[in-house]
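Understanding the architecture of this molecule
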Amino acid sequence: MRKPISGVVAAALGLSLATLALGTAVPASAAPTPAPAPASISAPTAKVAYAGSAEEAAGNQAFFEAVLKSVAEKRAANPRSAAAVTVIYDASRAPSFSAQIASSTSIWNSSVTNVRLQSGTASAADFSYREGNSSQGSYASTDGHGSGYIFIDYAQSRQYNPTRITAHETGHVLGLPDHYSGPCSELMSGGGPGTSCTNAVPNSAERSRVNRLWANGLAKALSKVQ
């Protein structure tokens, strides 16, 4: 999820402020001290919409597949599990956003039926949340081997609604791609609609897609690990 950047700012900063995309992980150390709020920027005269990149799309897909694999391995070991698949997350490394993570979890759990998000310990988690400062903003990242995490950037959470950021990035965990050109009512439009958009709820198409992914995608993943 990246925010649209004004033509004026883009020219001055080389698009370096475009955010909410995949990027390099921050070190696995204590959370950094929050950065001061960014200085205000004058109203732009023109806007350049960010449309995403192939690298971003591939990275988000890899994250989803890594979580699927992690869940499928647990499912194969316990085939009598409930019909809804449980994806466990660890939020201990993002304490500043505990309320937003809880809200995001509640939103997704009330929106879909084939998968549920549940808080757990780091050792049992399929993915985790982290917080800090990053020039790349907030993003989802994975090494492709079940070690996935969502990074929430301090500065960006002051510009954009932090619950929308968290719910959007969690959408990648559940298999949804970015669609920056979409309206505010579309969660995966991310920063496309601008900072005034606070919607953190997936629309009907996004909900249906997640349910299909966790029915069909999990079945395929299970066939590979059983």
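What you are looking at is a predicted structure, and each value in this text was computed from that prediction instead of being measured.

**Thoughts on the packing of aromatic side chains**
As enumerated under the stated definition, the model contains six aromatic pairs in all. Ring plane angle 20 degrees and centroid distance 6.3 Å describe the contact between Phe97 and Tyr154, whose orientation is recorded as stacked. Of this pair, Phe97 sits in the loop between strand 3 (85-93) and helix 3 (98-111) while Tyr154 sits in helix 4 (residues 154-159), and the two are 57 residues apart along the sequence. Both residues of the pair, Phe97 and Tyr154, count as buried. Measuring from ring centre to ring centre gives 5.2 Å for Tyr139 and Phe151, while their planes differ by 15 degrees; the resulting arrangement is stacked. Of this pair, Tyr139 sits in strand 6 (residues 139-142) while Phe151 sits in strand 7 (residues 148-153); the two residues are 12 residues apart in sequence, bridging distant segments of the chain. Phe151 shares its class with Tyr139; the two are buried.

**Quick word on the environment of Pro95**
Assignment of secondary structure puts Pro95 in the loop between strand 3 and helix 3. Look at Pro95 and you get exposed, because its relative accessible area is 52%.

**Here we look at the state of the cysteines**
Each disulfide consists of a covalent bond between the sulfur atoms of two cysteine residues. Taken as a whole and judged by the stated rule, the model has one disulfide. A sulfur-sulfur separation of 2.0 Å characterises the disulfide bridge that pairs Cys184 with Cys197. Handedness of the Cys184-Cys197 disulfide follows from its S-S torsion of about 90 degrees: it is right-handed. Within this pair, whereas Cys184 is found in the loop between helix 5 (162-173) and helix 6 (204-225), its partner Cys197 is found in the loop between helix 5 and helix 6, the two being separated by 13 residues in sequence.

**Things to note about the environment of Ser208**
Inspection of the secondary structure assignment puts Ser208 in helix 6. Sequence spacing of Ser208 and Asn114 is 94 residues, and the spatial spacing of their C-alpha atoms is 9.9 Å.

**What about the sheet that holds strand 7?**
Sheet strands associate in pairs through backbone hydrogen bonding, adopting either a parallel or an antiparallel arrangement. Judged by pairing direction, the sheet is mixed, and its five strands sit side by side in the order 4-3-5-7-6 without closing on themselves. Both edges of this open sheet fall to strand 4 (115-119) and strand 6, since each of them pairs with a single strand only. This sheet shows a mean twist of 25 degrees between the axes of neighbouring strands, independent of strand direction. The pairing of strand 3 with strand 4 spans five bridges and is parallel. Across the sheet, residue Val85 finds its bridge partner in strand 4, namely Val115. Most of the contacts of helix 3 go to strand 4, to which it runs at about 155 degrees, and overall it touches strand 3, strand 4 and strand 5 (127-132). Along the sheet, helix 5 makes contact with strand 4, strand 5, strand 6 and strand 7, crossing strand 7 at roughly 160 degrees.

Scoring rules and cut-offs
Residues numbered from 1 in each chain as written. Predicted model: local features only at pLDDT ≥ 70, side-chain atom pairs only at ≥ 80, totals over all residues. Heavy atoms only, no water. Phe/Tyr/Trp six-rings, centres within 6.5 Å; stacked < 30°, edge-to-face > 60°. Helix = DSSP H or I, 4+ residues; strand = E, 2+ residues; numbered from the N terminus. Buried < 20%, exposed > 50% of the residue type's maximum accessible area, 1.4 Å probe, protein only. Disulfide = S-S within 2.5 Å. Pairing = 2+ DSSP bridges. Axes fitted to C-alpha atoms, helices over the stretch in contact; angles between N-to-C directions. Contact = heavy atoms within 4.5 Å.

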